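Observations on the model geometry
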Amino acid sequence: MLNPLSINCLVLALLCTWALCNAQSDSDSPKIQLRLAGEKRKHYEGRVEVLYDGEWGTVCDDDFSIYAAQVVCRELGFMDAVSWLPSAKYGRGEGRIWLDNLHCTGSEKSLAQCESNGFGVSDCKHSEDVGVVCSQKRIPGFNFNVNNVDHGLNVQVEDVRIRATYSNRKRIPITEGFVEVKDGGKWRQICSEEWTQMNSRVICGMYGFPDEKNINIRPYKLLAKRRKKNYWGFSVNCTGNEADLSDCKLGREIELRGNNTCRKGMPTVVSCMPGRGFAPSVSIGFRKAYRVEQPLVRLRGGALIGEGRVEVLKNGEWGTVCDDKWNIRAATVVCRELGFGSAKEALSGAKMGQGIGSVHMNEVECSGFEKSLTECHFNRDSVGCSHEEDAAVKCNVPAMGFNTRLRLSGGRNPSEGRVEVLAERNGSLVWGTVCSDSWGTMEAMVVCRQLGLGFANHAFQETWYWQGDSSSQAVVMSGVRCSGTEMTLDQCLHHGKHVICPNGGGRFAAGVSCTLTAPDLVLSAQVVEQTTYLEDRPLYALQCAQEERCLSTTSDNADPTSYRRLLRFSSQIHNNGLSDFRPRASPHSWVWHECHRHYHSMEVFTYYDLLSLNGTKVAEGHKASFCLEDTYCDEGIQKRYECANFGSQGITVGCWDTYRHDIDCQWIDITDVKPGDYILQVVINPNYEVAESDYTNNVMKCRSRYDGHRIWTYNCHIGETNALRTHFLL
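Reading the values: rules and limits
- Numbers given for residues are sequential positions, taken from 1 along each chain in its written order.
- Where local features are concerned, this predicted model is filtered to residues with pLDDT of at least 70; where side-chain atom pairs are given and counted, the filter is 80 or more; whole-chain, interface and lining totals use all residues.
- Hydrogens and waters are ignored; side-chain quantities use all the structure's heavy atoms.
- UniProt positions are given in the numbering used here, feature names are shortened, and annotations may be inferred rather than shown by experiment.
- For two strands to pair, DSSP has to find at least two bridges joining them.
- Working definition: helices are DSSP H or I runs of at least four residues, strands are E runs of at least two. Numbering for both runs from the N terminus.
- The term disulfide is used for any two cysteine sulfur atoms that are within 2.5 Å.
- Partly exposed describes any residue whose relative accessible area lies between the buried limit of under 20% and the exposed limit of over 50%, with all areas from a 1.4 Å probe on protein chains only and scaled to the type maximum.

In the nomenclature of an unreviewed UniProt entry, the protein chain is known as Lysyl oxidase homolog of Nothobranchius furzeri. What UniProt records for the protein chain under Sequence similarities (unreviewed entry) is the sentence "Belongs to the lysyl oxidase family."

And the structure:
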């Protein structure tokens, strides 16, 4: 029988053996290094690549698990893994497939400690390369392995900032200051010895600026001498076309003097050039800001500033870009061209809604230094590309403090509420309400965008039913009229300091509700062009239409046996957005029309106008939403809205509502129009009753020639065209 002393010695021996085995196991594990690679990715996600025996290779997705992903992410300095993706979702890698049939418990310190077939033993192809998505949060104080910088280790730090001097901290936006990185939980300066202009370009891009500019470093040098410094021990090597510092390579270890000082330099300083829309003042905006003459690229359908579907102008027609080979480098060219910084994300698969018209560019490949996307190499043949593959971007935007001057209060959730503005009154800043006179969807759209909440869902002119006492707050803004393109509410037309609000604030304070997705209605120009014709009908057969004001006013006193000449056509209206189009009014407030025996969910859904060539209206019609429903849908999409049995009304994403040429009010009454050349114009949702992601495609125009007996309609187009603009050559 063992005595207690013997038992203690035995336990101690076992513990020592276990610790020794574990230590030996750690030391016996092959030395590897990991990185995330691939296209269409952020810095915390990508294809898993392993450096082993001096060669980079990939990992097969066979038996891969979230536990293996956790090991990968922690080895790279991230707190945890969010998910993993099989089948080369980040593109196919090259070289060896180092690891296959990985079995990890999640507690391993390195992927090399997980069970596998052994390094280089695999029956996989690169179509099975695995990828991971890590949490964005870094491990505080994580010490990155910098022994293999020659093999292309990327910069890995917890955070980056531009630290402005005290005198510049109140400037908006902050465009210059010391560059600092957060590593090991502490902010550190970067020695300027090997700092380059390309490094500055990348930093500026991260902060929403399209380019860097020269700076007088003398005052910064004087300031640095008086400050205590804590340098980061490495240099950075950027080529200038990276979207983020994490995409740059880690340079050599910098030799620092005693007291952690830079031998031949000082703390790095950058100065950035803002885009025109973000310049600190009007003069800088026009003189010193980054400028592009007549950009040939625009963004559409984005919920926030600096994001949207990429559209390109060619031969006077706006078209889209196919997402084949679309990557962060091409997206960054777009962002910089439009006065933003580098791209946060390159989106594919029509993530910002489907465009219309032609697909102008395919397989775009950029170096990253082009001034315009149109300078990049691309395939002129877009055969096989559809609008389901429209490319989009999310850009880095300067910190303008937009959401510090505006807020929502009293709503049921953070995305709705009474609009309150920070304004100066009697020498102090106070929060006040906005008068709801003339308050509508366009004004609400600007508020939601300014707060980073997306699109407007509703614009409220009465907010008494929300929490809080708005009657005690002063009205500080009135007469607000927005075009919808402004970045902030104070950029809209308004009364200024002379507030005029007849109804007062209180219960009539303006309010909004916001949403990150919106519908986008587009009329088929081709259907209109192909179905236009004239019909003469006796007035007595048009009583219902006359009751609903679908005829010219001259019909009011006309002989019932007289004829009206009607310009008829069909309209097919698609919802290309990311959410269903629903009438603003709730069903209980829909108007019943006895003559046609149906509800009008929107009193005016479209305007039909015949214009002279100088834009003067010569005949008009309007179309109430007889019934919004899904007539047809794309393959795989289920109809949701049907008018039968007084059902719910709307148009589902990917569906369209068709109004045939032979139904009442689907016309313009041209009885009084003289022969000549005209413009046929159709406007959908003309009063902006329902918020959409893009209103520019709500207008369709056609050329029309009327000889008194027949009419020809031709050259129909949607939205804006400008044949006088400079176009790129294909």
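Side note on the sheet that holds strand β37 (residues 655–659)
On the basis of which strands lie adjacent, the open sheet formed by four strands has the order β28-β31-β37-β36 and antiparallel pairing. The two strands at the open ends of the sheet, each matched to only one other strand, are β28 (521–523) and β36 (632–633). Alignment of strand β31 (residues 571–575) against β37, held across four bridges, turns out to be antiparallel. Counterpart to S571 in the pairing with β37 is Y659.

Let's talk about the state of the cysteines
In total, this model carries 15 disulfides according to the counting rule given. Between C73 and C134 runs a disulfide, and the two sulfur atoms are separated by 2.0 Å. Residues C73 and C134 are joined by a disulfide whose S-S torsion is about -85 degrees; by sign, that bridge is left-handed. Taken together, the residues C73 in helix α2 (residues 66–75) and C134 in strand β6 (residues 131–134) connect sequence positions 61 residues apart. For the pair C73 and C134, a shared accessibility class is recorded, and that class is buried. Each sulfur of the disulfide joining C702 and C716 lies 2.0 Å from the other. Because the sign of the S-S torsion sets the handedness, a value of about 115 degrees for the bond joining C702 and C716 places this disulfide among the right-handed ones. Placement of C702 in strand β40 (residues 699–706) and of C716 in strand β41 (residues 711–718) is noted, with a sequence separation of 14 residues between them. Its relative accessible area of 2% is what places C702 among the buried residues. Classification of C716 by relative accessible area gives buried; the value is 15%.

A look at the pairing of strand β14 (residues 269–273)
Of all five residues that make up β14, five are buried, and the element is covered over most of its length. With burial as the criterion, each face of β14 is covered, one bearing V269, S271 and M273 and the other bearing V270 and C272. Across three bridges, the pairing between strand β8 (residues 176–183) and β14 is antiparallel. Within β14, the residue paired with E176 across the bridge is S271. Pairing geometry for strand β10 (residues 211–212) and β14, over two bridges, is antiparallel.

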